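# Inside the fold
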Amino acid sequence: MLRIDNITYAVEGRPLFEGASAVIPEGHKVGVVGRNGTGKTTLFRLIRGELALEGGDISLPSRARIGGVAQEVPSSDISLLDTVLAADTERAALMAESDTATDAHRIAEIQTRLADIDAWSAEARAASILKGLGFDDDEQLMPCSDFSGGWRMRVALAAVLFAQPDLLLLDEPTNYLDLEGALWLETYLAKYPHTVLIISHDRGLLNRAVGSILHLEDRKLTLYPVPYDMFAKQRAEKIAQAEAMAKKQEMRRAHLQSYVDRFRYKADKAKQAQSRLKMIARMETITTPQEAALHAFSFPKPEELSPPIINLEGGITGYGDRAVLSKLNLRIDQDDRIALLGKNGQGKSTLSKLLSDRLPLMAGKMTKSSKLRIGYFAQHQVDELHVDETPLDHLRRLRPTEAPARWRARLAGFGLGPAQAETEVGRLSGGQKARLSLLIATIDAPHMLILDEPTNHLDIESREALVDALTDYSGAVILVSHDMHLLSLVADRLWLVSGGTVRDFDGDLEAYRDFLLQRDKPASKQVAKPKPRRPSKDEITALRSEVRKCESRMEKLEEMREELARRLGDPSAYQEENATKREVWQSKYAEVMNALDRAETLWVAAAEKLEAAQQ
């Protein structure tokens, strides 16, 4: 159990936490959300003890191990597999001691402990994690020095997952994963045996991998025992209710003030006027929750070109004499919205560079509209901004003939206000830098926009604003992203980059997700079965009744789970006098979760029988 009790902390005089409290029960998976800059990463540093609290307390069970990914693993000659194995320090120490121990009693102790921690399957577990994060069998035996910083961040993530700390703290882990790795991580975290806190702006992960949301707002922490979409719904209702109450209070205040203004100087009404003045002074202002400002993106609209804007026949491209992609037969029209799918290293960025004229065509034929303008955004461009210049300086260099008011208007269209416009880029947040790079990529009103991981560093509200902007945009979009939510709302065509070529993916994003999750499972042997007889009407009615019973059972169990989660999330449950109740609730919570799993299995089986019967 993680207990955060009435904590206070400020940075450079700006308070991030004031009397914030929350209790995270053991084994819960919790998504940490809040506006950029509210202090989510700072909260992790406070939990790890890297920063000193100004007030309050953060407590964990004694000897609880905390783990997270602070930085990439160092470049070294040690293989990826051995690097991950070394993360379990207890196993590594016991294995080393087992080679030198001579006392029979101590040898027996070592072997017993190695068996307890499942040490003999460690190599297989480490290899499985590395494979899930994108490393094949040969790469796992290669030294860390053979990989770039982004790939070594994956190794660091694999190491902390393998070590299985009691409290796992992950800060935007999908930022350095591709879509395949992000989907694997979702599945892994959902089954992780200990407590997880994960800062993320990925709605898919926050819906599928966690069961609760810890919301940081107005320097307070609020735990919602539901996944993200249900949290968003509850929060919208809370905001609407607060706004209605604030509006009603303002009308009441205006009515009282009107009376005061009319009668405060009339002798026969002065006493009543003074009474109303006191009522106004006593009214406690109702404030709405600190709503994240939805900084809209505003992409300029290009003129329409005749289709196709790009046509590629028998294309081959790569680096130097090495071909990466071949047999490229592709067509792009101005109204296309195309998502590029495939593992990292298969050629998605190579294709993006070819289409944006950053790589030459080695063979084949590519025709483009003569007036075609292309905008290109990639993460490395954010890193190439001039850190000692302001956003205004960047636009002054790109548009020297425009008036300063026009520069400011352009920046405001991407959510960069007057303060950010005159702030050096090196002091801007990651999301603000990404907005500036997006502005630069679209400043010429391109007919085609190529976006390579555009949502890194953008909060959830900004991602929704990007979806709206891309929906309104009248040019073609080529999109590479690990964000399933973004892809599902923007893309209407899927291209799979695999095996050295590019082809249409036959299916939607859910089909691709299922394909990834099932790909590594062994194929079951197909056995020919006789065609079953068609069920009778009474049998179908009985099956429908069984499905309804299962659904009712699941609803009741879910209500019980939510009630127990609410009780366990109450800080008073962890006071000394409530220890017995808490143990009962924790035991019941585990029972309900097991029952919910069984009920869901029965429901799936009943639903499948009904579906088969109706075919």
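Residues numbered from 1 in each chain as written. Predicted model: local features only at pLDDT ≥ 70, side-chain atom pairs only at ≥ 80, totals over all residues. Heavy atoms only, no water.

## Section: the overall build of the chain
For the chain, the count of helices and strands is 22 helices and 18 strands. Structurally, the chain occupies a C-alpha span of about 95 × 75 × 70 Å along its principal axes. The buried share of the chain, taken over its 615 residues, is 44%. Considering only contacts within the chain whose residues lie at least 6 apart along the sequence, 70% involve residues at least 24 apart. Positive and negative charge centroids in the chain, built from 83 and 91 side chains respectively, lie 7 Å apart. (Helix = DSSP H or I, 4+ residues; strand = E, 2+ residues; numbered from the N terminus. Buried < 20%, exposed > 50% of the residue type's maximum accessible area, 1.4 Å probe, protein only. Contact = heavy atoms within 4.5 Å. Lys, Arg positive; Asp, Glu negative; His and termini not counted. Charge placed at Lys NZ, Arg CZ, Asp CG, Glu CD.)

## With respect to the pairing of strand β18 (residues 501–504)
One face of the sheet, then the other: side chains in a regular strand alternate in exactly this way. Where strand β17 (residues 493–498) and β18 come together, four bridges link them in antiparallel fashion. Counted as the bridge partner of Trp 495 is Asp 504 from β18. (Pairing = 2+ DSSP bridges.)

## What to know about the packing of aromatic side chains
Under the counting rule described, the total for this entry stands at 13 aromatic pairs. Residues Trp 184 and Tyr 188 carry aromatic rings whose centres are separated by 5.0 Å and whose planes lie at 25° to one another, so their mutual orientation is stacked. In this pair, Trp 184 and Tyr 188 both sit in helix α8 (residues 179–190), four residues apart, roughly one turn of the helix. For the residue pair Trp 184 and Tyr 188, the accessibility class agrees, reading buried in each case. Ring plane angle 75° and centroid distance 4.9 Å describe the contact between Tyr 224 and Phe 231, whose orientation is recorded as edge-to-face. Taken together, the ring pairs connect Phe 297, Phe 299, Phe 414 and Tyr 473 into an aromatic cluster. One cation-aromatic arrangement involves Arg 154 over Trp 151; the distance from NZ or CZ to the ring centre is 4.3 Å. (Phe/Tyr/Trp six-rings, centres within 6.5 Å; stacked < 30°, edge-to-face > 60°. Lys NZ or Arg CZ within 6 Å of the ring centre and 35° of its normal.)

## Section: the packing of helix α3 (residues 89–98) against helix α4 (residues 104–116)
Two elements in contact, α3 and α4, have axes separated by 10 Å at closest approach and are oriented at 145°. In the crossing of α3 with α4, the sense of the turn from one axis to the other is left-handed. Note on element contacts: α4 touches α3 through Arg 106, Ile 110, Gln 111, Arg 113 and Leu 114, opposite Glu 90, Arg 91, Leu 94, Met 95, Glu 97 and Ser 98. For the contact of α3 with α4, the residue count by class is four nonpolar, two polar and five charged. (Axes fitted to C-alpha atoms, helices over the stretch in contact; angles between N-to-C directions. Left-handed = near helix turned anticlockwise from the far one by under 90°. Nonpolar A, V, L, I, M, F, W, Y, C, P; charged D, E, K, R; others polar.)

## Overview of the nonpolar core
Where a protein is soluble and globular, its nonpolar side chains tend to be buried together. With 46 residues, the main nonpolar core has Phe 297, Phe 299, Leu 341, Leu 411 and Leu 470 as its most contacted residues. Leaving out residues up to four positions away in the same chain, Phe 297 has contacts with Gly 413, Phe 414, Arg 435, Leu 438, Leu 458, Ser 462, Ala 465, Leu 466 and Ala 469. Membership of the second largest hydrophobic core comes to 43 residues, among which are Ala 122, Leu 130, Leu 189 and Tyr 192. (Core = buried A, V, L, I, M, F, W, Y, C linked by side-chain atoms within 4.5 Å.)

## Some points on the sheet that holds β17
Taken in spatial order, the six strands line up as β14-β15-β16-β12-β17-β18 in an open sheet, and their pairing is mixed. Where the open sheet ends on each side, the last strands, each with one partner, are β14 (374–377) and β18. Taken over all neighbouring pairs, the strand axes of this sheet differ in orientation by 20° on average, direction set aside. Looking at chain direction, strand β15 (residues 448–452) and strand β16 (residues 476–480) are connected through five bridges and run parallel. Bridge pairing in β16 links Leu 451 to Leu 479. Packed on one face of the sheet, helix α17 (residues 430–442) meets β14 and β15 and runs near 160° to β14.

## Looking at unusual backbone geometry
Outside of glycine, negative phi angles account for most residues, and trans bonds account for most peptide bonds. Following Pro 307, the chain continues into Pro 308 via a peptide bond in cis, with omega recorded as -10°. Residues other than glycine seldom take positive phi values, yet Asn 6 does so here, at roughly 55°. When you line up the elements, Asn 6 lands in strand β1 (residues 2–11). Looking at Asn 6, the relative accessible area reads 45%, which means it is partly exposed.

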